[in-house]
Amino acid sequence: MGLKLNIATLLVLLIFTTSAANAQPTVFNVVKKYGGKVNEDITLPLTNAWKDACATQGGSKVVVPAGTYRLGPVQLNGPCKSPIELKVRGTLQAPGDLSFFKWGSWVSFLRVDQLTLSGNGTFDGQGKSVWGKYGGALPIFHLHVFACKNVTLLHLNIRAPGDSPNTDGIHMGRSTRIRIIDSKIGTGDDCISLGDGNQDILIQKVTCGPGHGISIGSLGRYENEEPVVGVKVLDCKLRNTMNGVRIKTWPASLSGIASDMHFENIYMKNVSNPIIIDQVYCPWNQCKAQIPSKIKISKVSFKNIRGTSQTKEAVKLLCSKAIPCENVEISDIDLAYQGSDGPATSQCTNVNPTILGRQNPPACTLK
Ligand SMILES: *[C@@H]1O[C@H](CO)[C@@H](O)[C@H](O)[C@H]1NC(C)=O
Ligand SMILES: *[C@@H]1O[C@H](CO)[C@@H](O)[C@H](O)[C@H]1NC(C)=O
Ligand SMILES: *[C@@H]1O[C@H](CO)[C@@H](O)[C@H](O)[C@H]1NC(C)=O
């Protein structure tokens, strides 16, 4: 990912919540009450329905019925008077013209407590019409969870082509208690990426591919980064991705912490770099690679990870020369190199992992 990110084709099925829905919410139908029409722009009807719903006591529900609608950038802001739900049954199409985007996102929810976004609808970012045309403020990521607490993302389906630029599936930052469960994500960039300041994160039963895999970091590039503590990635599948599960930090970084990160029961197929800790992450030589990272990585486990690797180096634990990784465990690894020029290898630098169970490739064959 970079700073220039793009609108992508986004398909969201049945989303999420922070609260249980109220028994009898007041309904605000964008078509029936607010003049929205199929095949027309519903930016204003939706904005008005949201405002009324947000000001309502005792629970409210904004409904976008089945049908296709155009939708410009909207900010659906709180605080609201009571729990609020947005139910989308239709398809919402973003403008194909970047000049519409005066701020960084297409549909944003700000300062809303007890929000539920639900429905079988589609958010269609119309990414194809803008890929390659950079400039101005662009919407970032498919789904950006920033400074949120207690969010569950359930049954999401995010789709963008494997060659689409900067289309992270879900990026989260500075958030606590986030669950991503039972979802499918195919993109041209990270499937899920976690920036600094995330705590108590669970990613479970997520299928990724194509894309760049599940990534913690990159960390250590900016000042005032907060620790990443408590990440579990369980029961996931990755297919045809550029990385599997990865933790990456920049060399020459400021001090920081990434701790208590666990990857368990993961199936990989045709994945390059299936398991990787990369503390020498320095793409396009944008850093002083010879100065070691000062991010301290500790309490990491990779357990029961199996499948096939597209590259020979199936396991790479490249820790910082200044601050070696601590309490790293690898157990029950079975990753076969699918090429024919020899078996898979495993590399360990500045780390002395605890090794348990089956090890294919043999643990730490390269130092
Ligand atoms: C998180 O949200 C759920 C509802 O989705 C609620 O039951 C629970 O109490 C919340 N937890 C915290 C710590 O706020
Ligand atoms: C959602 O389901 C309804 C029927 O319940 C259907 O009419 C509508 O087309 C569906 N929406 C999408 C985007 O598939
Ligand atoms: C393996 O994954 C790469 C992308 O990393 C893809 O281009 C290639 O087609 C995949 N191979 C198979 C056999 O699916």
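Because the structure is predicted, anything quoted here is derived from the model rather than measured.

Thoughts on the UniProt feature "active site" (unreviewed entry) in the protein
- According to UniProt, the feature "active site" (unreviewed entry) maps to His212 in the numbering used here.
- Residue position: His212 is located in the loop between β16 (199-208) and β17 (214-219).
- Excluding residues that lie within four positions of it along the chain, His212 makes contacts with Gly188, Asp189, Asp190, Cys191, Thr241, Met242 and Asn243.
- For His212, the side chain forms a polar contact with the main-chain oxygen of Gly188, separated by 3.3 Å.

Considerations on the domain arrangement of the protein
- Segmentation of the protein into domains returns domain 1 (1-139) and domain 2 (141-367).
- Just the C-alpha atoms count here: the centres of domain 1 and domain 2 sit 31 Å apart.

Overview of the pattern of salt bridges
- Here the structure, examined in full by the defined rule, presents eight salt bridges.
- Where Glu326 meets Lys296, a salt bridge forms, and the shortest distance between an N and an O atom there is 3.3 Å. Placement of the pair is Glu326 in strand β24 (residues 326-337) and Lys296 in strand β22 (residues 295-309), with a sequence separation of 30 residues.
- For Arg358, the salt bridge goes to Asp334, with nearest N and O atoms at 3.1 Å. A residue pair is termed long-range when its members are at least 10 positions apart, and Arg358 in strand β26 (residues 354-360) and Asp334 in strand β24 qualify at 24 residues.
- Put simply, Arg174, Asp196 and Glu226 are held in one network by salt bridges that share partners.

Looking at the site of ligand 3
- Taken together, the neighbourhood of ligand 3 is formed by Asn240, Asn270 and Gln310.
- Within the contact set of ligand 3, an oxygen atom lies 2.4 Å away from a side-chain nitrogen or oxygen of Asn270.
- One of the side-chain nitrogen or oxygen atoms of Gln310 is found 3.3 Å away from an oxygen atom of ligand 3.
- Here ligand 3, which alone exposes 360 Å², has 37% of that area covered by the protein.

Observations regarding the confidence of the model for the protein
- Chain-level statistics for the protein give a pLDDT mean of 91 and a share of 92% at 70 or above.
- Segment residues 1-19 is flagged for pLDDT under 50; beyond a separation of four residues in sequence, or across chains, it makes 105 contacts in the model.

A closer look at the packing of aromatic side chains
- The full count for this structure, using the stated rule, is four aromatic pairs.
- When the centroid spacing of 6.0 Å and the interplanar angle of 80° are considered together, the rings of Trp106 and Phe123 count as edge-to-face. With Trp106 in the loop between β6 (91-93) and β7 (107-110) and Phe123 in strand β9 (residues 122-124), the pair connects residues that are 17 residues apart, well separated along the chain.
- Looking at Arg221, its charged tip hangs above the ring of Trp250, at a distance of 4.4 Å from the centre.

Focus: the environment of Ser255
- Mapped onto the elements, Ser255 comes out in the loop between β19 (245-249) and β20 (256-271).
- With 41 residues separating them along the chain, Ser255 and Lys296 place their C-alpha atoms 7.5 Å apart.
- Excluding residues that lie within four positions of it along the chain, Ser255 makes contacts with Lys294 and Ile295.

Calculation rules
Residues numbered from 1 in each chain as written. Chains lettered and ligands numbered in written order. Predicted model: local features only at pLDDT ≥ 70, side-chain atom pairs only at ≥ 80, totals over all residues. Heavy atoms only, no water. UniProt positions renumbered as here; feature names shortened; annotations may be inferred. Helix = DSSP H or I, 4+ residues; strand = E, 2+ residues; numbered from the N terminus. Contact = heavy atoms within 4.5 Å. Polar contact = N/O pair within 3.5 Å; in protein donor to acceptor, adjacent residues only side chain to side chain. Domains from an automatic or database assignment. Salt bridge = Lys/Arg side-chain N within 4 Å of Asp/Glu carboxyl O. Near = heavy atom within 4 Å. Areas by Shrake-Rupley, 256 points an atom, 1.4 Å probe, with all protein chains shown as cover. pLDDT = per-residue confidence, 0-100. Phe/Tyr/Trp six-rings, centres within 6.5 Å; stacked < 30°, edge-to-face > 60°. Lys NZ or Arg CZ within 6 Å of the ring centre and 35° of its normal.

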